[in-house]
Amino acid sequence: MKFTRLVSKTLRADPPEAETAAHRLMLRGGLIYQVAAGVYAYLPLAWRSLRKIENIIREEMNAAGGQELMMPALQPLELWEQTNRRAAFGDNMFSLQDRRGRAMVLAPTHEEVITSIVRANVQSYRDLPVVLYQIQTKFRDELRPRAGLVRVREFTMKDAYSFHADDASLDESYQAMAQAYRNIYRRCGLPVLMAEADSGAIGGKDSHEFILPTSTGEDTVITCPGCGYTANAEKAAGRFPDLAPEPAQPLQAVKTPGIKTIAALAEFLSIPESRTLKAVLYTADDELVFATLRGDLEVNEVKLKNALHCRTLRLATDEELKAAGLVAGFASPIGITGVKRVGDPSITSGSSFVAGANQPDTHLRGASYPRDFQVDLLADIALAQPGHGCPRCDRVLESTRGVEVGHIFKLGTYFSETLGALHLDREGQQKPIIMGCYGIGVGRLLAAAIEQNHDDKGMVFPAPIAPYQVHLVGLNLSDAAVAQAAGQLYRDLWAAGIETLYDDRPDPTAGVKLNDADLLGMPVRLVVSPRNLRNGAVEVKGRREAAANMVPLDQVVSHLAARLAAEG
RNA sequence: CGGGGCGUAGCGCAGCGGCUAGCGCGCCACGUUCGGGACGUGGAGGUCGGAGGUUCGAAUCCUCUCGCCCCGACCA
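The text that follows walks through the structure, step by step, so that each part is easy to find.

The rules behind each value
- Residues numbered from 1 in each chain as written.
- Chains lettered and ligands numbered in written order.
- Predicted model: local features only at pLDDT ≥ 70, side-chain atom pairs only at ≥ 80, totals over all residues.
- Heavy atoms only, no water.
- Helix = DSSP H or I, 4+ residues; strand = E, 2+ residues; numbered from the N terminus.
- Contact = heavy atoms within 4.5 Å.
- Areas by Shrake-Rupley, 256 points an atom, 1.4 Å probe, with all protein chains shown as cover.
- Lys, Arg positive; Asp, Glu negative; His and termini not counted.
- Charge placed at Lys NZ, Arg CZ, Asp CG, Glu CD.
- Salt bridge = Lys/Arg side-chain N within 4 Å of Asp/Glu carboxyl O.
- Buried < 20%, exposed > 50% of the residue type's maximum accessible area, 1.4 Å probe, protein only.
- Near = heavy atom within 4 Å.
- Polar contact = N/O pair within 3.5 Å; in protein donor to acceptor, adjacent residues only side chain to side chain.
- Nonpolar A, V, L, I, M, F, W, Y, C, P; charged D, E, K, R; others polar.
- Pairing = 2+ DSSP bridges.
- Axes fitted to C-alpha atoms, helices over the stretch in contact; angles between N-to-C directions.
- Phe/Tyr/Trp six-rings, centres within 6.5 Å; stacked < 30°, edge-to-face > 60°.
- Lys NZ or Arg CZ within 6 Å of the ring centre and 35° of its normal.
- Core = buried A, V, L, I, M, F, W, Y, C linked by side-chain atoms within 4.5 Å.
- Domains from an automatic or database assignment.
- Parallel < 35°, antiparallel > 145°, perpendicular 65-115°, else oblique.
- Expected span 1.5 Å × (residues − 1).

## Brief notes about the overall build of chain A
Phase 1: Looking only at helices and strands, chain A features 15 helices and 31 strands.
Phase 2: Along the first, second and third principal axes, the C-alpha atoms of chain A reach 95 × 65 × 50 Å.
Phase 3: Looking at chain A alone, contacts between residues at least 24 apart form 71% of all its contacts between residues at least 6 apart.
Phase 4: Summed over all atoms, the accessible surface of chain A reaches about 25500 Å², with 50% contributed by carbon and sulfur.
Phase 5: For chain A, the distance from the average site of its 62 positive side-chain charges to the average site of its 68 negative ones is 4 Å.

## Quick look at the pattern of salt bridges
Charged atoms that come close allow side chains of opposite charge to pair.
Phase 1: All told, the structure shown has 27 salt bridges when counted by the stated rule.
Phase 2: Among the salt bridges present, the one from Arg86 reaches Glu81, with a minimum N-O distance of 2.7 Å.
Phase 3: A residue is classified by how much of its surface remains accessible, and Arg86, at 42% relative accessible area, is partly exposed.
Phase 4: Salt bridges linked by common partners bring Asp503, Arg505, Lys513 and Asp516 together as one network.

## A short note on the protein's contact with RNA strand B
Phase 1: Near RNA strand B there are 39 residues, and of these Arg12, Arg151, Glu404, Arg444 and Ser529 occur at the shortest range.
Phase 2: Here, RNA strand B places atoms within 4 Å of the protein, and 45% of those atoms are sugar or phosphate.
Phase 3: Residue Arg531 places a side-chain N or O atom 3.4 Å away from a sugar or linking oxygen belonging to RNA strand B.
Phase 4: Here a base oxygen of RNA strand B and a side-chain polar atom of Asn532 are 2.4 Å apart.
Phase 5: For the surface near RNA strand B, the element with the most residues is helix H13 (residues 510-520), which contributes seven residues.
Phase 6: Split into classes, the residues belonging to the surface near RNA strand B amount to 13 nonpolar, eight polar and 18 charged.

## With respect to the pairing of strand E10 (residues 207-213)
Phase 1: Counting buried positions along E10 gives six out of seven residues, so the element sits mostly inside the fold.
Phase 2: Here strand E9 (residues 193-196) runs beside E10; their pairing, made up of four bridges, is antiparallel. Paired with Leu193 across the two strands is Ile211, which belongs to E10.
Phase 3: Two elements, E10 and strand E21 (residues 398-412), share seven bridges in a ladder whose sense is antiparallel. Each residue of the ladder has a partner; that of Phe210, found in E21, is Gly406.

## Some words on the sheet that holds strand E28 (residues 500-503)
Phase 1: Here we have five strands laid out as an open sheet, ordered E28-E27-E29-E30-E31, and mixed in their pairing. The sheet is open, and its two borders are formed by E28 and strand E31 (549-552), each paired with just one other strand. Strand-to-strand, the axes of this sheet are offset by a mean angle of 25°, without reference to chain direction.
Phase 2: Pairing between strand E27 (residues 470-474) and strand E29 (residues 524-528): five bridges, direction parallel. Within the sheet, the bridge partner assigned to Val473 lies in E29 and is Val527.
Phase 3: Across the sheet, helix H12 (residues 480-495) lies against E27, E28, E29 and strand E30 (537-542), angled at about 165° from E28, the strand it touches most.
Phase 4: Against the sheet, H13 touches E27, E28 and E29, its axis set at about 175° to E27.

## Points about the packing of aromatic side chains
Phase 1: Within the structure shown, the criterion is met by ten aromatic pairs.
Phase 2: On the basis of an interplanar angle of 40° and a centroid distance of 5.2 Å, the ring pair of Tyr181 and Phe210 is categorised as tilted. Within this pair, whereas Tyr181 is found in helix H6 (residues 167-187), its partner Phe210 is found in strand E10, the two being separated by 29 residues in sequence. Summarising the burial analysis for this pair, Tyr181 and Phe210 share the class buried.
Phase 3: Taken together, the ring pairs in this structure connect Tyr181, Tyr185 and Phe210 into an aromatic cluster.
Phase 4: Seen from the ring of Tyr468, Arg48 lies directly overhead, with NZ or CZ sitting 4.1 Å from the centre.
Phase 5: A cation sits over an aromatic face here: Lys410 above Tyr174, 5.0 Å from the ring centre.

## Considerations on the side chain of Asp425
Phase 1: Following the sequence through the fold, Asp425 ends up in the loop between strand E22 (422-424) and strand E23 (430-432).
Phase 2: There is a polar contact of 2.8 Å between the side chain of Asp425 and the backbone nitrogen of Gln429.
Phase 3: Excluding residues within four positions of it along the chain, Asp425 makes contact with Tyr125 and Lys431.

## Observations concerning the nonpolar core
Phase 1: Counting 60 residues, the largest nonpolar core has Leu31 and Leu445 as the members making the most contacts within it.
Phase 2: Among the elements that take part in this core, H6 stands out by supplying eight residues, more than any other.
Phase 3: Composition of this core by domain shows at least three residues from each of domain 1 (46-236 + 399-450) and domain 3 (468-567).
Phase 4: If we ignore the near neighbours within four places in the chain, the residues touching Leu31 are Met26, Ala41, Tyr42, Leu43, Leu45, Ala46, Ile450, Met459, Phe461 and Leu520.
Phase 5: Counting residues in hydrophobic clusters, the runner-up holds 26 residues, among them Val113, Val118, Tyr161 and Ile433.

## Considerations on the packing of helix H1 (residues 21-28) against helix H11 (residues 442-452)
Phase 1: Running from N to C, H1 and H11 cross one another at 100°; their axes reach a closest spacing of 8 Å. Our classification of the angle between H1 and H11 gives roughly perpendicular. Seen from H1, the contacting residues are Ala21, Ala22, Leu25 and Met26; seen from H11, they are Leu446, Ala447, Ile450 and Glu451.

## Quick look at helix H2 (residues 44-63)
Phase 1: Between its first and last C-alpha, H2 extends 28 Å over 20 residues, near the 28 Å set by a 1.5 Å rise per residue.
Phase 2: Burial in H2 covers these residues: Leu45, Ala46, Ser49, Leu50, Lys52, Ile53, Glu54, Ile56, Ile57, Glu60 and Met61.
Phase 3: Downstream of H2 by one or two residues, Gly65 has phi in the positive range, about 90°.

## Side note on unusual backbone geometry
Phase 1: Following Leu128, the chain continues to Pro129 via a peptide bond in cis, the omega torsion being 0°.
Phase 2: Within the fold, Pro129 resides in the loop between helix H5 (111-121) and strand E7 (130-139).
Phase 3: The phi dihedral of Asn84 falls on the positive side, at around 65°, and the residue is not glycine.
Phase 4: Structurally, Asn84 is set in the loop between helix H3 (77-82) and helix H4 (85-89).
Phase 5: Even without being a glycine, Asn476 presents a positive backbone phi close to 60°.
Phase 6: Within the secondary structure, Asn476 is located in the loop between E27 and H12.
Phase 7: In this structure Asn476 comes out as partly exposed when scored by relative accessible area, which is 48%.

By themselves, these figures tell us nothing about what the structure is for.
Encoded structure:
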């Protein structure tokens, strides 16, 4: 590709709206063009890279036994009502009407359609297992798109779906997919963490997220430096620090004027936060829920939602609290009735907590479970935090920010049951097909790769996903000998199958061209200039290398072919 | 949906009631330069997001509306 034909313009200055490095660099390098909030065009440089990522994914999916297919993005809403996922997605789903007034959606994902396809084509355990996958556009009307390609409303996603007669077969595919994912990330130059994840509203057993650690990430991963335990914040379990034993005390009221937060309470009474009880009120499917845990812990809403088996969960409003006779800031599990009470195990391991009194400006000392209060449900609802103990060993947990670049699930039989995708087993019994699903956001993977691989001058593409392998720079092209040599080298490189971007612009000075080469970040830079040419040589420099070396002009092509082959 | 901010040339911005709407970058022409974002001269480029209103006169004031960015809740 000749630079003078390239549509992308590089920007000299950073675009002010871009917060993350990847977003900034993709705009500066002319990789993406924003069409609407969370809707981007992929310009030629980005598209070449995205195609390479897709092909890596394709190769690994095929190697893992996947068959590629294509499904419509436009789907009848009715299909989503059958699985109850219209409500689950809510306003996140783009919906529209066709000319006859039929309700349609732009699909956010494809479990419904793939299950319908398999229902029509699989009747027997003999037809199983199968793994199908697609790489295509999906739509989600996100509340807030952000960070360039990381959270967008129209995106390319690879989704694979597996179908099985039994759990052992699902396990096998799940492991194969997990390995395929590791291969994909390795080939894209991404050191990812595989984290245990919550399997979400649909249920199912295992689920793992693949997280690329980066300070600008949206997700939090909890890791253990000792045993390798890795889980996302929603899923992670932690052992909270135990309390020193304390003799039981009688329940006793204490005046706490205006003390409404745990921090203020602990300070006012000169006790650690872990000696208080925290009360958090939620509305779960229109029912008021009273959650209690130790004061130094936070509620993990995903765990709470799972424990309650509810569909929606949100903090209760002040009005709802008043209606239930509760006093905000002084709510207490002691003596409360008419509300569902959920307790975290942390409240059972100590005694003599300070709790609310359900009266203004008053708390109670000496509260002990179960002497002074009980709960309807005792379940782990605490957020694991750095400093807590690892649930698998005796070390202390750490936390890392990251971007989710893949997610695999054991779905189970939810879709096959709601859509009637059944098969006959060996005994002639009709059974729902067992499913798994495995997703990777392609554009997000590119953004993550750039976020992970850049320096202060620009992008540093990992070779397997670089738009071009070589960035050939001609300096001082008004010199006929330079123009001739560079042009010939460009043709020779392509003839040798080496993808080359040739900066053939006649006017920009050396500084402009070299800075653009650094910004765009192809793995190898070649410089043809009068100075180099006088020595019959071309300068060869890896993007990650500080120094260049000189290679005789007539050996450049073979030198590069060997070098690129060695780098894979 | 809550909070904050912004829409003026391809990009970034200034102008916020009174000359023909301006600056930087970029772009075009000519010349000088030529290894880390050069310089000179001349030029092209604008429904001032949209609609309505106030006014002799609106980019500027008022109302409505559309879009975009950032923080939060939601999510791949």
